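# Observations on chain architecture
Residues per chain are reported as follows:
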Amino acid sequence: MFGGVELRVVYTQKRVMSDMRYSGIGGQAVIEGVMMKASDQYAVSVRKPDGKIEVKVEKCKSLKDRYAIAGIPVIRGIVAFVESLVMGMKTLNYSASFWEEEEQKAGSQKKNDKNKNQEQGKGNDLVMGLVIMLAVILAVGLFVLLPFFVSELLSKAVPSVQLRGLIEGVIRVSLFVIYVKTISCMEDIHRVFMYHGAEHKCINCLENGLELTVDNARKQTTVHKRCGTSFMLVVMFVSILLFMFISVSTLWLRMLLRILLIPVIAGLSYEFIIFAGKTENPVVTVLSRPGLWLQSLTTKEPEDAMLEVAISSVEAVFDWKKFLAESEEQPSQNEPDKEKTDNNIEEAAATDEKSELEAAGFEVVEVSDDEEDDEILQSLDRYFEDPGKAEK
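Here's a quick rundown of the structure.

Criteria and thresholds
- Here the residue index of a chain counts from 1 through its sequence in written order.
- Two thresholds apply to this predicted model, a pLDDT of at least 70 for residue-level local features and 80 or more for giving and counting side-chain atom pairs, whereas whole-chain, interface and lining totals are computed over all residues.
- As a convention, hydrogens and water are excluded, and side-chain values are obtained from all of the structure's heavy atoms.
- The rule is short: rings of Phe, Tyr and Trp, with Trp giving its six-membered ring, pair when the centres are within 6.5 Å, and they are stacked under 30 degrees, edge-to-face over 60, tilted in between.
- Each helix is a run of H or I in the DSSP string that is no shorter than four residues. Each strand is a run of E no shorter than two, and both are numbered from the N terminus.
- Buried residues are those whose accessible area, probed at 1.4 Å on protein chains only, stays under 20% of the maximum for their type, while exposed residues exceed 50% and partly exposed ones sit between those limits.
- Two conditions define a charge sitting above a ring: the NZ of Lys or the CZ of Arg must be within 6 Å of the ring centre, and it must be within 35 degrees of the ring normal.
- Pairs of N or O atoms are called polar contacts if they sit within 3.5 Å, as long as, within protein, a hydrogen donor faces a hydrogen acceptor (for residues adjacent in sequence, only side-chain-to-side-chain pairs).
- Throughout, a contact is declared for two residues whenever any of their heavy atoms are within 4.5 Å.

### Looking at the packing of aromatic side chains
The tally for this structure, following the rule as stated, stands at six aromatic pairs. Look at Phe81 and Phe231: their rings are 5.8 Å apart centre to centre, the planes differ by 35°, and that puts the pair in the tilted class. One end of the pair, Phe81, is in helix H3 (residues 75–97); the other, Phe231, is in helix H10 (residues 228–244), and 150 residues separate them in sequence. A ring pair is formed by Phe318 and Phe323, whose centres lie 5.6 Å apart and whose planes are at 55°; its orientation type is tilted. Residue Phe318 is classed as buried on the basis of its relative accessible area, which comes to 13%. Residue classification places Phe323 among the buried residues on the basis of a relative accessible area of 11%. Pairwise contacts between aromatic rings join Phe143, Phe176 and Tyr179 into one cluster. Across the ring face of Tyr94, the terminal group of Lys56 is positioned such that the distance to the ring centre comes to 4.4 Å. In this structure, Arg258 packs its charged tip against the face of Phe243, placed 4.5 Å from the ring centre.

And the structure:
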């Protein structure tokens, strides 16, 4: 009895996991808000200082849609990485604008400054470009060159290039984890991580086939296979494998190769993340685990108000009702045969019952239906031939 119930519970949970469907929607957390992207448009929803939700929707044309070469595997990963970096900085800048003192002035002052703000638009784009360049330079210096130089200091003690490459990778991953853990202690960053969790919960809610409501989203996990955190960790693991086998005698050439190969590593990592997000292959699931564990640092449990912001961003660019309806019409390829599964459950339950009886001291004899019928008939024959003997 209990064995049968337990098996049915496990079977149900397995179906829920295997029925997750790829929605194609992605996003990122911004300051007091969430950006969601679907197809050729994205939306940024921000909770303004007055408590209202501001939603901005814009079209975004990817290079992959304009140039065939940009859609080739690995190359498309490089393109997606650069585009996501630019879009991320742009949406962060937009969300931050709501919290600037100039944006909190009276409406009349805003109207008077409208022309001035338009003139400053090009200047803001230039500043944003410089900020992106500076961020890339700092990231390369901290997570690429610093681990490389530290590992090179060990060249005498560790002559093996492969082993030094492994040490370099371990240092790189350690620096990244320490960096993420450190910035998560900042209150503003902690709230961004909460919005990050809200973004994941909404996507998981849809891909698990549930209606997009605050109650349903709240029950979801804050981790997701296609997360940018997982992407960064995959980048580091791919770089470990690649740099372990790059054997160049010149120091400056080894350093240059580490910089030049960053786009290639990003492209390969992108392909893995996309594939992992579309499959439930057990090997890929195991390889994705480190990224999911690391997301415990970059995602936090959100408030219901944050989920509302994330939901508004999804609804601005994605018809989730249509998605759920189409998902219901297409049965999962992984869904097992119910009759066969029920038979397996009954067999397992019978096995458990037999084990319990044997443990209690009873002798259990397996009898087929035909044998059972024969024994019953033989007993009846003996009874009618000699009733007194049969009773004894």
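### What to know about the side chain of Thr222
Here Thr222 is to be found in the loop between helix H9 (214–218) and H10. Residue classification places Thr222 among the buried residues on the basis of a relative accessible area of 12%. Side chain to side chain, Thr222 and Thr299 meet in a polar contact 3.4 Å long. If sequence neighbours within four positions are ignored, Thr222 has contacts with Gly197, His200, Lys201, Gln295, Thr299, Lys300 and Glu301.

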